[in-house]
Amino acid sequence: MTDLVQDPGAPSPRRIPIMQALGPYFFILPAAAIMLGGLVYPVIQAFYLSFFDWKIGTSFEDAPYVGFRHFVRMVYDADVHESIWVTLKFGFWTILIEMVLGISLALLLEKPIRGASVFRTIFILPLMISPVVVGLIWRYLFDARIGWINYYLGKIGIEAQVWLGDPELAFFAIVFTDIWQWTPFIFIIVIAGLQALPSEIMEASRIDGANWWQHILFVKLPMLRSILLIALLLRLIDVFRALEVMYILTGGGPGRATELLSLHIYNRAFDTQQLGYASAISVLLILIVFGLSFAILVMGNPLKERSDV
């Protein structure tokens, strides 16, 4: 019986599984490096900066160490509390209305009808516009003197409104602008999910006698639950980082009626030059987003039903 001689140039039997196991990690390494450099490092840096009272134009080496003083200050800062409340209220109304409108329009335009493709193209245009341009457009439209909104309201006999000068109207203006810009985002995600649903299940529900409402409520929407959850999380994150449109549209005013938490951080950092305190508030923002996102994931992932043996 002849002994089998292994080729010295052939890979070791143990080496092949190791390379196969490590192979996928080499492909995601560039993306992981970008995430670490562009996301994790700034968060760590912001947390580190929050322990110092540093102002623009001064040397960081001379900045006094204040420990957790900035975090304690946030607990009693009424301006931070008000900004958090404005952000939560803004997020509730915008996300609620955008989800309802986006889902409704996707269900209506799911089937191929005449003009649907043209409407979809026009409808997603707000997503292609820069946030700065969006803010400038709606600032002009809401202008009390030369804005088109007051002009056409006057045509039908409605008195002109100071949209950006009244606290309630200014809040309505930023909510309306956000809905105009981001409802197409929900629409695109939902209609893509609807078109990916298996036709067999859709046909089976029709054969079982489900009407239009039952078909939507008990078949389509439950199957779209994961997609809707992703859309909700993405919009939640966008709400807490919204800055450009609000800064151009109202600047947080009148007073603090439209000062979202992100805009409050910007004002603290660059208007009052309290970079350390602004970093502490940004850490709070990250914790709020993480907490809300975790709560949504937990509530959107129901417990698995126990199978009867």
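Residues numbered from 1 in each chain as written. Predicted model: local features only at pLDDT ≥ 70, side-chain atom pairs only at ≥ 80, totals over all residues. Heavy atoms only, no water.

Further remarks concern the overall build of the protein chain. Each helix and strand in the protein chain was counted, giving 14 helices and zero strands. Relative to a compact globule of 309 residues, whose C-alpha radius of gyration would be 19 Å, the protein chain shows 26 Å and is clearly more extended. Dimensions of the protein chain along its principal axes, counting C-alpha atoms only, are 100 × 70 × 45 Å. Burial analysis of the protein chain (309 residues in total) assigns 37% to the buried set. Counting contacts in the protein chain only where the partners sit at least 6 residues apart, residues at least 24 apart contribute 68% of the total. Accessible area for the protein chain stands at about 20,000 Å²; split by element, carbon and sulfur atoms hold 68% of it. In the protein chain, which carries 21 positive and 24 negative side-chain charges, the distance between the mean positions of the two groups comes to 3 Å. (Helix = DSSP H or I, 4+ residues; strand = E, 2+ residues; numbered from the N terminus. Rg over C-alpha atoms; globule rule 2.2 N^0.38 Å. Buried < 20%, exposed > 50% of the residue type's maximum accessible area, 1.4 Å probe, protein only. Contact = heavy atoms within 4.5 Å. Areas by Shrake-Rupley, 256 points an atom, 1.4 Å probe, with all protein chains shown as cover. Lys, Arg positive; Asp, Glu negative; His and termini not counted. Charge placed at Lys NZ, Arg CZ, Asp CG, Glu CD.)

This part is about the nonpolar core. Judged by nonpolar contacts, the single largest core of 64 residues is most densely connected at Phe-90 and Val-190. At twelve residues, helix H8 (residues 167–195) tops the list of elements feeding residues into this core. Dropping the residues within four chain positions of it, Phe-90 is found in contact with Phe-171, Ile-174, Val-175, Asp-178, Val-239, Met-246 and Leu-260. (Core = buried A, V, L, I, M, F, W, Y, C linked by side-chain atoms within 4.5 Å.)

On to a nonpolar patch on the surface. On the surface, a nonpolar cluster with roughly 590 Å² of combined accessible area is contributed by Met-35, Leu-36, Leu-39, Val-40, Val-43, Ile-44 and Ile-286. Ranked by residue count, the leading element in the nonpolar patch is helix H1 (residues 15–49), at six residues. (Patch = residues over 30% accessible without salt bridge, like charges linked within 9 Å, V, L, I, M, F, W, Y side chains within 5 Å. Salt bridge = Lys/Arg side-chain N within 4 Å of Asp/Glu carboxyl O.)

Before going further, it helps to spend a moment on the side chain of Ser-282. One can find Ser-282 in helix H14 (residues 275–299). Exposure remark for Ser-282: the relative accessible area of 17% places this residue in the buried category.

Along the polypeptide, Thr-183 turns up in helix H8. Beyond its immediate stretch of four places on either side in the chain, Thr-183 contacts Glu-98, Leu-101, Gly-102, Phe-123 and Asp-178.

Overall, the coordinates contain 21 aromatic pairs when judged by the stated rule. Ring centres of Phe-92 and Trp-93 lie 5.2 Å apart, and the angle between their planes is 75 degrees; this geometry places the pair in the edge-to-face category. On the basis of relative accessible area, Phe-92 is assigned to the partly exposed category, the value being 49%. Summarising the aromatic geometry, the rings of Phe-290 and Phe-294 are spaced 6.5 Å apart at their centres and angled 15 degrees between planes, so their arrangement reads as stacked. Note that Phe-290 and Phe-294 are positioned in helix H14 at a spacing of four residues, about one turn of the helix. Residues Phe-290 and Phe-294 agree in their burial class; the two are exposed. Taken together, Phe-47, Tyr-48, Phe-51, Phe-52, Tyr-65, Phe-68 and Phe-71 form an aromatic cluster joined through their ring pairs. Its end group placed over the ring of Tyr-277, Arg-73 keeps NZ or CZ at 3.8 Å from the ring centre. (Phe/Tyr/Trp six-rings, centres within 6.5 Å; stacked < 30°, edge-to-face > 60°. Lys NZ or Arg CZ within 6 Å of the ring centre and 35° of its normal.)

Here the amide bond leading from Gly-253 into Pro-254 is cis, since omega sits at -5 degrees, within 30 degrees of zero. Structurally, Pro-254 can be placed in the loop between helix H12 (244–249) and helix H13 (261–271). Of note in the backbone geometry, Gln-273 takes a positive phi value of approximately 60 degrees without being a glycine. Residue placement: Gln-273 occurs in the loop between H13 and H14. For Gln-273, a relative accessible area of 32% translates into the label partly exposed.

Right, let's get into the environment of Leu-287. Within the secondary structure layout, Leu-287 lies in helix H14. A relative accessible area of 55% means that Leu-287 is categorised as exposed. The sequence separation of Leu-287 and Ile-174 amounts to 113 residues, and the corresponding C-alpha distance is 24 Å.

Attention now goes to the packing of helix H3 (residues 78–108) against H14. Interhelical geometry of H3 versus H14 gives an angle of 35 degrees and a closest axis separation of 12 Å. The element H3 and its partner H14 pack so that their crossing is right-handed. Residue-level inspection shows Val-80, Ile-84 and Leu-88 of H3 in contact with H14, the latter providing Tyr-277, Ile-281, Leu-284, Ile-288 and Leu-292. Split into classes, the residues belonging to the contact of H3 with H14 amount to eight nonpolar, no polar and no charged. (Axes fitted to C-alpha atoms, helices over the stretch in contact; angles between N-to-C directions. Left-handed = near helix turned anticlockwise from the far one by under 90°. Nonpolar A, V, L, I, M, F, W, Y, C, P; charged D, E, K, R; others polar.)

Assignment of secondary structure puts Trp-138 in helix H6 (residues 131–141). Taking the C-alpha atoms as reference points, Trp-138 and Ile-34, separated by 104 residues in sequence, lie 35 Å from one another. Sequence-distant contacts of Trp-138, defined by excluding residues within four places in its chain, comprise Ile-149, Phe-176, Thr-177, Trp-180 and Leu-249.

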